[in-house]
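Structural features, examined
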Amino acid sequence: YSNYISKKLLNIKGKNIYTMNQEVTKVTERPPFGRSSSQDSLDELSMEAYWTELENIKKSHENRQDDQEVVVVKEPDEGELEEEWLKEAGLSNLFGETAGDPQESMVFLSTLTRTQAAAVQKRVETVSQTLRKKNKQYQVPDVRDIFAQQTGSKEKEAPDGTESQSVGTDENKYQGKDGVGGKELTPLVPEEAPASETDINLEVSFAEQAVSQKESSREKIQRSKGDDAALLVRSTIGDLAPQDMKKVCHLALIELTALYDVLGIELKQQKAVKIKTKDSGLFCVPLTVLLEQDQKKVPGTRIPLIFQKLISRIEEGGLETEGLLRIPGAAVRIKNLCQELEAKFYEGTFNWESVKQHDAASLLKLFIRELPQPLLSVEYLKAFQAVQNLPTRKQQLQALNLLVILLPEANRDTLKALLEFLQRVVDNKEKNKMTVMNVAMVMAPNLFMYHSLGLKAGEQREFVMAAGIANIMHLLIKYQKFLWTIPKFIVNQVRKQNTENHRKDKKAMKKLLKKMAYDREKYEKQDKSANDADVPQGVIRVQAPHLSKVSMAIQLTEELKASDVLARFLSQESGVAQTLKNGEVFLYEIGGNIGERCLDDDTYMKDLYQLNPNAEWVIKSKPS
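Because the structure is a prediction, the values reported are computed rather than measured.

Digging into the overall build of the protein
Scanning the protein for helices and strands turns up 23 helices and 7 strands. The 624 residues of the protein split such that 53% are buried. Counting only carbon and sulfur atoms, one obtains 47% of the accessible surface of the protein, whose full area is about 28800 Å².

Some words on the nonpolar core
With 130 residues, the main nonpolar core has Y260, L422, F448 and M473 as its most contacted residues. Leave out the neighbours within four places in its chain, and L422 touches L325, V439, M443, M473 and I477. Core analysis: the next-biggest nonpolar cluster, separate from the first, contains 23 residues, L547, L570, L611 and A615 among them.

Some remarks on the sheet that holds strand β5 (residues 586-591)
Ordered by their spatial adjacency, 5 strands build an open sheet running β4-β3-β7-β5-β6, and the pairing between neighbours is mixed. Strands at the two margins of the open sheet, each flanked by one partner only, are β4 (551-555) and β6 (594-598). With direction set aside, neighbouring strand axes in the sheet form an average angle of 25°. Note: strand β3 (residues 539-543) against β4, 5 bridges, orientation antiparallel. Across the sheet, residue V539 finds its bridge partner in β4, namely Q555.

Describing the pattern of salt bridges
Under the defined criterion, the tally for this structure stands at 21 salt bridges. The salt bridge involving E409 is made with R302; its shortest N-O contact spans 2.8 Å. Pair noted here: E409 is in helix α15 (residues 409-426) and R302 is in the loop between α9 (287-297) and α10 (305-316), with a separation of 107 residues, a long-range link. For E409, a relative accessible area of 45% translates into the label partly exposed. A cluster of three or more residues bridged by salt bridges with shared partners is formed by K122, R123 and D261.

Quick notes on helix α3 (residues 80-88)
Every buried residue of α3 is listed here: L81, W85 and L86. Around the axis of α3, the buried residues are gathered within 140° of arc, so they sit on the same side. Buried positions along α3 lie against α5 (114-133) and α8 (242-262). Positive backbone phi, approximately 80°, marks G90, located one or two places after α3.

With respect to the packing of α8 against helix α14 (residues 393-406)
Their axes nearest at 9 Å, the elements α8 and α14 cross at an angle of 145°. Viewed along their axes, α8 and α14 form a crossing whose handedness is left-handed. Contact residues: α8 offers M245, V248, C249, A252, L253, E255, L256, L259 and Y260, while α14 offers Q395, Q398, A399, L402, L403, I405 and L406. In terms of residue class, the contact of α8 with α14 is made up of 13 nonpolar, 2 polar and 1 charged.

Thoughts on the packing of aromatic side chains
Evaluation of the coordinates by the stated rule reveals 7 aromatic pairs. A ring pair is formed by F307 and F367, whose centres lie 5.7 Å apart and whose planes are at 55°; its orientation type is tilted. Of this pair, F307 sits in helix α10 while F367 sits in helix α12 (residues 357-369), and the two are 60 residues apart along the sequence. Assessed through its relative accessible area of 1%, F307 is described here as buried. Judged by centre distance (5.1 Å) and plane angle (75°), the rings of F345 and Y346 are edge-to-face. Overall, the relative accessible area of 24% leaves Y346 in the partly exposed class. Ring-pair connections join several aromatic residues into one group, and the members of that group are F345, Y346, F350 and W352. The ring of Y588 has K620 lying over it, and the distance from NZ or CZ to the ring centre is 4.7 Å. Residue placement shows K622 over the ring face of F586; its charged tip is 5.4 Å from the ring centre.

A look at the pairing of strand β7 (residues 616-620)
In terms of strand pairing, β3 meets β7 through 2 bridges, oriented parallel. Paired with V542 across the bridge in β7 is W617. Here β5 pairs with β7 via 5 bridges, running antiparallel. Looking at the pairing, F586 lines up with K620 of β7.

Some points on unusual backbone geometry
A positive phi angle, close to 60°, is found at C284, a residue other than glycine. Residue position: C284 is located in the loop between α8 and α9. Positive phi, normally seen in glycine, also occurs at S377, with a value near 75°. Locating S377 in the fold gives a position in the loop between α12 and α13 (381-386).

Comments concerning the confidence of the model for the protein
Looking at the protein as a whole, the pLDDT averages 75, with 65% of positions reaching at least 70. Per-residue pLDDT, averaged within each element of the protein, yields its smallest value for helix α1 (residues 2-12) (46) and its largest for α15 (97). Below pLDDT 50 for its whole length, residues 14-45 participates in 100 contacts with residues either more than four positions away or in separate chains. Note on residues 452-458: pLDDT under 50 across the span, and 21 contacts to partners over four residues away in sequence or across chains.

Overview of the pairing of β5
Relative to β6, β5 runs antiparallel, the two being bridged by 4 bridges. Within β6, the residue paired with E589 across the bridge is R597. Here β5 folds back onto β6 in antiparallel fashion, the turn holding 2 residues, of which G592 has a positive phi close to 75°.

Scoring rules and cut-offs
Residues numbered from 1 in each chain as written. Predicted model: local features only at pLDDT ≥ 70, side-chain atom pairs only at ≥ 80, totals over all residues. Heavy atoms only, no water. Helix = DSSP H or I, 4+ residues; strand = E, 2+ residues; numbered from the N terminus. Buried < 20%, exposed > 50% of the residue type's maximum accessible area, 1.4 Å probe, protein only. Areas by Shrake-Rupley, 256 points an atom, 1.4 Å probe, with all protein chains shown as cover. Core = buried A, V, L, I, M, F, W, Y, C linked by side-chain atoms within 4.5 Å. Contact = heavy atoms within 4.5 Å. Pairing = 2+ DSSP bridges. Axes fitted to C-alpha atoms, helices over the stretch in contact; angles between N-to-C directions. Salt bridge = Lys/Arg side-chain N within 4 Å of Asp/Glu carboxyl O. Arc of directions from axis to C-beta. Left-handed = near helix turned anticlockwise from the far one by under 90°. Nonpolar A, V, L, I, M, F, W, Y, C, P; charged D, E, K, R; others polar. Phe/Tyr/Trp six-rings, centres within 6.5 Å; stacked < 30°, edge-to-face > 60°. Lys NZ or Arg CZ within 6 Å of the ring centre and 35° of its normal. pLDDT = per-residue confidence, 0-100.

See the structure below:
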């Protein structure tokens, strides 16, 4: 096992800002501080809205402090964070009682890029040293046996930094100047702020891009024709099956850590703390508990009902109201409304007409602040804060993309609903005077303030941090569509893992069939033709079990998109089914080298078929 991992890695390698009781002092003369040219010049913008919001939060907390329990987050012991990191990265079987089962880790490690492998090695070394110091009784492999130092010449690597393999078909269409990896991996765009989400290269590992930027900062990646359509096989969070999404999260954690390592930014996860929380109610209740009680009333609910209702109430008052979100409701009235909501919301007897628009906005912010654990999660809140230390806008967005992927599902869904609402507020900026930066300054303290992760700071440091988290909040709002995209290089790594696992499973099955005296040749023939029986070359068979036309052979062309396939089926529907539209049913890619994936309407089918020729194609609705 150790020798195998050593060989594989040999080839691959080559919160809170403020405390709630802290006195807030407005800065009259803004202290100078270094900012990247890619960031907004926040020191040139008025920070008054930010400091005012802090004052309002302080007053609100004073009115409700008796209702809250202060939580103390202890710093983990040496090595504990790294051990937890390996577990979250899906590599727990490198240590402990499960260290004897290597197959899953071997497949996983074989798909890592050079920078990802280096990030894993760094954590393994720390954990290995810590376990030896503590004299753990279970197996502790020598890090030198797992990650051998590279002594020979490097094998040619794929452009995304992964080891060149003949496992499956590479989803990346990236081509460097030589067509090989290494120094030709350079940033896609200049260091200025990207004009749009599509200016960020999703084809190549973010950490590999950062390495290449250091090596050759003036060169640019030359896109091939295929790269101009970067979103043709785009995957967003929610498109993949749970088993594949779990792999995506493992890879996202490793990639985020590798990116921070390359850029020299410390990334320390805060260890999640089990605390005593309310098991019912609305405020100061964990998201998971809220959703459990909400789903009893509305099955399939993914966002807390109180959260949805507060947003709805704000919008009923009109998003053109000047100072929306910035002007607070009266603190005493807000406290009374909270108590009344707690008693009457689920009974359906609460009088929403009594809630003024600014009161509803204050209640929404209060709900976010009083979550027992922050919306951005205890584990990753400091990682979100550290985004402000990354040198370029592009790298900040890349890090935020990976962090959004890593959020617990309930947190991620609620954050998405919040950001979509905030964007609707910004869309009315001409009348409500709330630009994206104004909204960011008001909302940043509410998302990034978590009293148990307090950090005392001097005035200058405080101002720098305020500007930094306002900038992060700005990015979350402005680039939210991009942030919910799963990078193509990560999807490609998942495909490689699935292909290798299927190959191993198929090999094991053949051995079993041989032992059972089955006709091996007959089995192989059936297996080969299972997906393309009666279907000629260049044609796919699409299944639609819930439509009147349950199956159709579709000729693949260069221009055929997923939306075209849907249109052909829906055009033949009649009666009630005629009301179906593209937004209600979707084309899915199932099996082959992916578990299940809902296709974007603009996916080019011929390209995807070549990427995953063994997949089945099914039209169905998305699960609620």
